[in-house]
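What follows is the residue order along each chain.
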Amino acid sequence: MSASGGTKAIVAALAANLSIAVAKFVAFLFSGSSSMLAESVHSLADSGNQGLLLLGGKKAKREATPQHPFGYGRERYIYAFLVSIVLFSVGGMFAVYEGYEKIKHPHEITAWYWPVGVLVFAIIAELFSFRTAIKESNQTRGDRSWTEFVRRSKAPELPVVLLEDLGALVGLILALGGVGLALATGNGVWDGIGTLCIGILLIVIAIILAAETKSLLLGESAGLEEVEKIKAAVVDGDTVTGIIHMRTLHLGPEELLVAAKIAVQHDDTAVEIANAINAAENRIREAVPIARVIYLEPDIFNADAAAAGTNPGKAPGAPAPQDPGALGGPKDLGH
């Protein structure tokens, strides 16, 4: 992912949300619309979220230390997870509460032109922010669908901004519908219903963001395309004859750890093996530039060790277990 592209999308979203938050709150003061109050809090929460993403990006650039030898790349995942918490609590739960109160105690909307005018302005501003996020995402999305991009992206910023902007646009439409129905019928309950729908929408988006960011925090492997490139780069057909097993792990969006046990000839000298490992590391970094931490362990190929290495739940290179259940197969639970 282009870090500058992610930053550009975040800044565009931050500028839009700050201006929209102020406009919505002014509209609430003049009209008394609960949808406008919920939307102003939503925009304020989104502004705070963009601030968290920028802070996470800055902290992730710190140099590695003896205490954190692999660096701070996962700071970006941590702050993206905090975004989902803020969106759920400050945005979603507040809107649900406000909507419930407005349905229970409805009141007529006054100065209708304030909320309607501000909502139209907000939709235009959010469309600008959403367009920027789409444009920046297209530079790294490739031929993946939008759903796959959000689920598989290793950099959290663009998926977060995309979902926030999408939620904001849908929320604005819901608010406009709630205000419009309240004005048309003279019944303030519709304003509360619109607010309640906004809250439910924000909670759903927050849960999606939390689930996807949790996976990144736990540690995800490289994508299939990167894995195939690494495999092709390791084997030279001479000294390195194959890969016994391999593990990859994202230390951050733009930093990949590669650990592999490679097969070498039984009569190769230590110097030949060392030179082959150094050459393989150079080929890996050329094929996949984000592969910055590489550990290659030479070994004589053994079929049992290779079989055991295919199971992430077992120690790489351990003797192949005889129990089929140990390799992920069905176990006999009747004994």
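If you're wondering where the values come from, they're calculated on a predicted model, not measured in any experiment.

About the thresholds
- Residues numbered from 1 in each chain as written.
- Predicted model: local features only at pLDDT ≥ 70, side-chain atom pairs only at ≥ 80, totals over all residues.
- Heavy atoms only, no water.
- Helix = DSSP H or I, 4+ residues; strand = E, 2+ residues; numbered from the N terminus.
- Buried < 20%, exposed > 50% of the residue type's maximum accessible area, 1.4 Å probe, protein only.
- Contact = heavy atoms within 4.5 Å.
- Pairing = 2+ DSSP bridges.
- Axes fitted to C-alpha atoms, helices over the stretch in contact; angles between N-to-C directions.
- Patch = residues over 30% accessible without salt bridge, like charges linked within 9 Å, V, L, I, M, F, W, Y side chains within 5 Å.
- Areas by Shrake-Rupley, 256 points an atom, 1.4 Å probe, with all protein chains shown as cover.
- Salt bridge = Lys/Arg side-chain N within 4 Å of Asp/Glu carboxyl O.

### Section: the side chain of N17
Phase 1: Along the polypeptide, N17 turns up in helix 1 (residues 3-31).
Phase 2: The buried category is assigned to N17, whose relative accessible area is 1%.
Phase 3: Setting aside chain neighbours within four positions, we find N17 in contact with S43, D46, S47, Q50 and E126.

### Description of the sheet that holds strand 3 (residues 291-300)
Phase 1: Taken in spatial order, the three strands make up an open sheet running 1-2-3, and their pairing is mixed. Every other strand in the sheet has two partners, leaving strand 1 (240-252) and strand 3 as the edge strands with one partner each. When strand polarity is set aside, the average angle formed by the axes of neighbouring strands in this sheet is 15 degrees.
Phase 2: Here strand 2 (residues 255-264) pairs with strand 3 via nine bridges, running parallel.

### Some words on a nonpolar patch on the surface
Phase 1: Together, F25, L29, F30, W112, Y113, W114 and L183 give the surface a local cluster of nonpolar side chains, amounting to about 750 Å² of exposed area.
Phase 2: At the level of elements, helix 1 and helix 4 (113-141) are the ones that each hand at least two residues to the nonpolar patch.
Phase 3: The leading source of residues in the nonpolar patch is helix 1, at three residues.
Phase 4: Residue placement: F25 occurs in helix 1.

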